[in-house]
Amino acid sequence: QVQLVESGGGLVQPGGSLRLSCAASGNIFGLNAMGWYRRAPGRERELVATISSGTRTNYADSVKGRFTISRDNMKNTLYLQMKSLKPEDTAVYYCNAGQQRYSGSFLWEYWGQGTQVTVSS
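Everything in this summary refers to the structure shown in the same document. Throughout this description, residue numbers start from 1 for each chain and increase along the sequence as written. Owing to the predicted nature of the model, reporting of local features is limited to residues with pLDDT of at least 70; listing and counting of side-chain atom pairs is limited to 80 or more, with chain, interface and lining totals taken over all residues. Excluding hydrogens and water, the side-chain values take into account all heavy atoms of the structure.

Details of unusual backbone geometry
Item 1. A positive phi is found at Asn-76, a non-glycine position, where the angle reads about 50 degrees.
Item 2. Mapped onto the secondary structure, Asn-76 falls in the loop between β7 (67–72) and β8 (77–82).
Item 3. Throughout this description, buried means an accessible area under 20% of the type-specific maximum (1.4 Å probe, protein chains only), exposed means over 50%, and partly exposed covers the range between. Accessibility expressed as a relative area gives 34% for Asn-76, which makes it partly exposed.
Item 4. Although it is not a glycine, Ser-84 sits at a positive phi angle of roughly 50 degrees.
Item 5. A helix here means a DSSP run of H or I that spans at least four residues, while a strand means a run of E at least two residues long, and both kinds are numbered starting from the N terminus. Relative to the helices and strands, Ser-84 is located in the loop between β8 and β9 (91–100).
Item 6. Looking at Ser-84, the relative accessible area reads 37%, which means it is partly exposed.

Here you go:
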């Protein structure tokens, strides 16, 4: 029903910036939440940022003040603007789409293939 394709990953120096994109296609009706996960070798998958109904956004403490999640509904595209990047931000970043429950938790129904972000000098 829905396909998510990430892009924008790459190599960036510490302190630099990078913007990730997630293009959504298919039937997106009924989906009210999107988010970004990341996974680094040897670490658990981390929910980095979410955006849901009413453009409500939430961020992991590790990225607050540095990352911004946004969406362009006309383009059916989700973005993650990353600045002041740190080596510990190095990970594969995944785009997700699904539903936010009344409790606030998320049920992710679709996943992208991931895009690699490497922060190194």
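A look at the sheet that holds β8
Item 1. Pairing between strands is defined by DSSP: at least two bridges between them are needed. If you trace the four strands from one edge of the open sheet to the other, you get β1-β3-β8-β7, paired in antiparallel fashion. Strands with a single pairing partner mark the edges of an open sheet, and in this sheet they are β1 (2–7) and β7. Going across the sheet, the axis of each strand differs from the next one's by a mean of 15 degrees, ignoring polarity. A fitted line through C-alpha atoms represents every axis, and for helices the fit uses only the stretch in contact; the resulting angles, taken between N-to-C directions, go from 0 to 180 degrees.

Description of the pairing of β9
Item 1. Sheet analysis places strand β4 (residues 33–39) next to β9, joined by seven bridges and oriented antiparallel. Pairing of Gly-35 across the sheet is with Asn-96, part of β9.
Item 2. Where β9 and strand β10 (residues 106–111) come together, five bridges link them in antiparallel fashion. Looking across to β10, one finds that Asn-96 is bridged to Trp-111.

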